Amino acid sequence: MLSAALEVDDAGDDGGIDLAMTVRNDGDGPETLRFRTGQRADFAAYRLDGEDGTDEEDGGEGDDPVWRYGTGRMFTQVLGSETLEPSESTTYEATWGDPPPGRYRIVGEVTAEEHDLTATTIVEVG
């Protein structure tokens, strides 16, 4: 059984946000993640601040993201896999550079074929 957790951290002076999605094998046997491309994870940011000043806490994911890690990027077109032994984990990272101020729901998703691994968190950008 695989679990996923998403951590967000200030990237420092450049004003960006570092994202880290950790996948852990909580099961008793090995788990294999199979990928169709070189992309292992994708991250998206959905604005939670309503244009009228209201907070759309439950919304955001149905709308288009204001940022997506994979947009405009090219990934190798090669099959790949990663096997996690029991209690082993792996982390996929990305940086959202210079996000505009506001509240966002950040969604991380592992792009493996047979696993639905997502994690979300809320971040406030000053």
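Source: prediction; values computed, not measured. (Residues numbered from 1 in each chain as written. Predicted model: local features only at pLDDT ≥ 70, side-chain atom pairs only at ≥ 80, totals over all residues. Heavy atoms only, no water.)

Novice: Residues and numbers for the pattern of salt bridges, please.
Specialist: In the structure shown here, the tally under the stated rule is six salt bridges. Of the charged contacts, one joins glutamate 113 and arginine 36 as a salt bridge, the two residues approaching to 2.7 Å between their closest N and O atoms. Here the residue glutamate 113 occupies a position in the loop between strand E8 (102–110) and strand E9 (118–125), and arginine 36 occupies one in the loop between strand E3 (31–35) and strand E4 (41–47), the gap between them amounting to 77 residues. For glutamate 113, a relative accessible area of 38% puts it in the partly exposed group. (Salt bridge = Lys/Arg side-chain N within 4 Å of Asp/Glu carboxyl O. Helix = DSSP H or I, 4+ residues; strand = E, 2+ residues; numbered from the N terminus. Buried < 20%, exposed > 50% of the residue type's maximum accessible area, 1.4 Å probe, protein only.)

Novice: So, the nonpolar core: which residues are in play, and what are the values?
Specialist: Ranked by internal contacts, the top residues of the largest apolar core, which has 25 residues, are Leu33, Phe43, Ile106 and Val110. When contributions to this core are tallied by element, the ones reaching two or more residues are strand E1 (2–10), strand E2 (17–25), E3, E4, strand E7 (89–96), E8 and E9. Dropping the residues within four chain positions of it, valine 110 is found in contact with Met21, Val23, Phe35, Arg40, Ala41, Tyr92 and Leu117. (Core = buried A, V, L, I, M, F, W, Y, C linked by side-chain atoms within 4.5 Å. Contact = heavy atoms within 4.5 Å.)

Novice: Please provide a residue-by-residue account of the side chain of threonine 37, values included.
Specialist: As for its position among the elements, threonine 37 is in the loop between E3 and E4. A polar side-chain atom of threonine 37 sits 3.1 Å from the main-chain amide nitrogen of glutamine 39. With sequence-adjacent residues up to four places away left out, threonine 37 is seen in contact with Phe75, Thr76, Gln77 and Val78. (Polar contact = N/O pair within 3.5 Å; in protein donor to acceptor, adjacent residues only side chain to side chain.)

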